[in-house]
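# Report on the structure
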Amino acid sequence: MSSARRPRALLAVLPLLLAGCASQPAVAEGTVDVMASFYPLQLVAEQVGGDRVTVRSLTPPGAEPHDVELSPAQVSRIDGADLVVVLSGFQAAVDDALAQTSPAHVVDAASDTTLVPAEHEDESADEHEEHEHGALDPHFWLDPSRMPAVVDDVAATLTEIDPEGADLYAANAAALTQRFEDLDAAYAAGLQQCDVRTFVTSHEAFGYLADRYDLRQVGISGIDPEAEPSPARLAAVEQIVREQDVSTIFFESLVSPKVAETLAGDLGISSAVLDPIEGLADPDADYFSVATANLAALRMALSCS
């Protein structure tokens, strides 16, 4: 994010940060103290650890994880945690905090899956000059086939910390891995026969999903969800929409939909949510329910049978 936009983003997220700090659960006596940097990693730690762990997230519910800034108390909690689960290179504040602290154990999801360079569809240097070319796309969790490697690493590290829980961690890891495999199979089947294979998003978060299921992602903006597209980029996206018979422009739940909705309105097509599952806007939702809703939205937009 540019320095010009960051102050506004921080002011917007400050109440969420304060609420998140206030609502963090106390570490239950006798449990493993786990800090997770944002929601998908929190989910893995909670599901694998069960009632033998207390998991707290560094990203409050409803906050955009790219923008999170950590309080001194949160940095201190990282230092004292039994396990910290992070994705290095995704949240600068978390990377900085880890460099200043020495938690007992760290699982870095970037070590468990191969992150690929972000690809900017049909761009030229002047179209996406605000993006850092060559940056890695961090959104690996949108390909469910990549999640079991993180599950295994968390289970192994929890077993090292708490050997008495080994059987529980192994069983929970196997059950969670099966859920990811079932979701992967549902996506593969659901996106196999589609009239259109191109989808347009406000934020290029879906490269792993597109690669896994043989789709083409076209982003209005790049990896930075708050970057403003240039007029040349908007014109390029309009051309792709017309040429590929795109019926829907997707926006996400934690970032303003204004650009996507305006472009969709100008082109006379629909707009809808495609959630990058970086955090939860609905407290009753979880990774799997949001991923299932994403699949339904893609099937409708792509005219899948």
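This structure is a prediction, so every number in the text was calculated from the model and none was measured. (Residues numbered from 1 in each chain as written. Predicted model: local features only at pLDDT ≥ 70, side-chain atom pairs only at ≥ 80, totals over all residues. Heavy atoms only, no water.)

### Quick word on helix α6 (residues 166-190)
The end-to-end C-alpha distance of α6 is 36 Å, a good match for the 36 Å that 25 residues give at a rise of 1.5 Å each. Within the sequence span of α6, burial applies to Y169, N172, A173, L176, T177, F180, L183, D184, Y187 and G190. Check the buried side of α6 and you find it contacts β1 (32-36), α2 (39-49), β2 (53-57), α5 (147-161), α7 (207-212) and α10 (287-301). (Helix = DSSP H or I, 4+ residues; strand = E, 2+ residues; numbered from the N terminus. Expected span 1.5 Å × (residues − 1). Buried < 20%, exposed > 50% of the residue type's maximum accessible area, 1.4 Å probe, protein only. Contact = heavy atoms within 4.5 Å.)

### Some thoughts on helix α4 (residues 92-100)
Within α4, burial applies to A93, V94 and A97. Down the axis of α4, the buried set is contained in an arc of 95 degrees. They therefore lie on one face. Residues of α4 that are exposed and angled more than 90 degrees away from the buried face: A92 and A99. On its buried side, α4 packs onto α3 (72-80) and β3 (83-86). (Arc of directions from axis to C-beta.)

### A short note on the pairing of strand β8 (residues 270-273)
Both faces of the sheet carry side chains from a regular strand, because those side chains alternate between them. As paired elements, strand β7 (residues 248-251) and β8 share four bridges and run parallel to each other. When the bridges of β8 are listed, F251 appears paired with V273. Traced from β7 through helix α9 (residues 258-267) to β8, the parallel crossover comes out right-handed. (Pairing = 2+ DSSP bridges. Right-handed = clockwise from strand over helix to strand, strands pointing away.)

### Side note on the pattern of salt bridges
One pass over the full model with this rule turns up five salt bridges. One salt bridge in this structure joins R52 and D162, with 2.7 Å as the shortest N-O distance. Highlighted residues: R52 in the loop between α2 and β2 and D162 in the loop between α5 and α6, separated in sequence by 110 residues. The exposure class assigned to D162 is buried, which follows from its relative accessible area of 12%. A single salt-bridge network, built from bridges that share partners, covers D143, R146, D184 and R212. (Salt bridge = Lys/Arg side-chain N within 4 Å of Asp/Glu carboxyl O.)

### A look at the sheet that holds strand β5 (residues 198-201)
As summarised here, the arrangement of the four strands in space is β6-β5-β7-β8, forming an open sheet in which the pairing is parallel. Both outer strands of the open sheet, β6 (216-219) and β8, are each paired with one neighbouring strand and no more. Geometrically, the sheet is characterised by an average inter-axis angle of 35 degrees between neighbouring strands, direction not taken into account. Relative to β7, β5 is paired through two bridges, and the arrangement is parallel. Across the sheet, residue V200 finds its bridge partner in β7, namely I249. Against the sheet, α9 makes contact with β7 and β8, and its axis sits at roughly 170 degrees relative to β7, the strand it touches most. (Axes fitted to C-alpha atoms, helices over the stretch in contact; angles between N-to-C directions.)

### Looking at the environment of D266
Along the polypeptide, D266 turns up in helix α9. Here D266 falls in the exposed class, since its relative accessible area comes to 58%. Note: C-alpha distance between D266 and E238 (28 residues apart in sequence) is 9.4 Å.

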